[in-house]
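So the chains spell out like this:
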Amino acid sequence: MTIITSRQHPFVRRCRDIVRGRGDGDILLDGEHLVDEALSAGVTVHLAAISRRALSRPSALQLRTRLEDAGTPCLDVSDGVLDAASPVQTPSGTLAIAARPTWPLAKALAGPNALVVAIAGVQDPGNVGAIVRAADAAAATGVVAVGPTADPFGWKALRGAMGSAFRLPVAVETDWSVVRDQARSLGLRLVGLVPRDGVSLYDADLEHPALVVAGAEGSGLAAGVASDLEVCITISMRSAVESLNVAVAVGITLFEAGRQRRGRT
């Protein structure tokens, strides 16, 4: 098989375009695990590349076979080409271009006794990915990225989610009022997370359908969002700790919701 050695190859240019936000419906998957998760979820993988170094691992060889069985062309590239194409400081050796999953807002908000996370203004894509992963782990039913939130399908957020973005309905909606109105129409209670002066998490009712809203890392919930919420809850902490990382706070809240829904055992 011919090894691609040119850093000017169209694959490299396409990967860089996606990283710069010019994906036109495509996403970038970095790492064997993420590519494997995408395939398992039925995501269409258009093109993949595996470096010579990575192919020394049996897992990479198995993944290439799986890609080819799925009809995905798999490029054999030099380590230098893979390094040029990947946005990661230390590339894993496996990179793929896939179709972006698209979920309607109604699907992300639906479900029996829905437990949905709205990420409203979280800027760090690593935090966004960690929130999606926590939502998946805690058996939430959906995630909605609202307003000026980092793209949950950006390469860094996808790495943080570790495949969870392919298992949960993850919708994107720029207008908070649209999310608010649809959530209310479906009977979801709007619950916000605040660092202080809210109802204690362990006294809050999370047994029933809820939209849990998390705000920006520094400024928290925007005033226009906070004013629409039915209740704000706070996680009790030692007084010396000002606040929790937003992904940690969401994870704790969702697992408490799960505990309540199992009967508070």
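Since we're looking at a predicted model, the values are computed, not measured.

**Some words on the sheet that holds strand S1 (residues 26-30)**
Reading across the sheet, the 4 strands line up as S1-S4-S2-S3 and stay open at both edges, with mixed pairing between neighbours. Pairing within the sheet leaves two strands with one partner each, and these edge strands are S1 and strand S3 (74-77). Averaged over all neighbouring strand pairs, the angle between strand axes comes to 15°, with direction disregarded. As paired elements, strand S2 (residues 45-51) and strand S4 (residues 94-99) share 5 bridges and run antiparallel to each other. Bridging from a neighbouring strand, Ala48 pairs with Ala96 of S4. Helix H2 (residues 32-40) rests against S1, S2 and S4 of the sheet, and its axis sits at about 130° to S1.

**Some thoughts on the sheet that holds strand S6 (residues 142-146)**
The strand order across the open sheet built from 7 strands is S7-S6-S5-S10-S8-S11-S9, with neighbouring strands paired in parallel fashion. The sheet is open, and its two borders are formed by strand S7 (170-173) and strand S9 (199-200), each paired with just one other strand. Across 4 bridges, S6 lies against S7 in parallel orientation. By the bridge assignment, Val144 is partnered in S7 with Ala171. Each of strand S5 (115-120), S6 and S7 touches helix H6 (residues 125-137); the most contacted strand, S5, lies at about 175° to it.

Cut-offs used in this document
Residues numbered from 1 in each chain as written. Predicted model: local features only at pLDDT ≥ 70, side-chain atom pairs only at ≥ 80, totals over all residues. Heavy atoms only, no water. Pairing = 2+ DSSP bridges. Helix = DSSP H or I, 4+ residues; strand = E, 2+ residues; numbered from the N terminus. Axes fitted to C-alpha atoms, helices over the stretch in contact; angles between N-to-C directions. Contact = heavy atoms within 4.5 Å.

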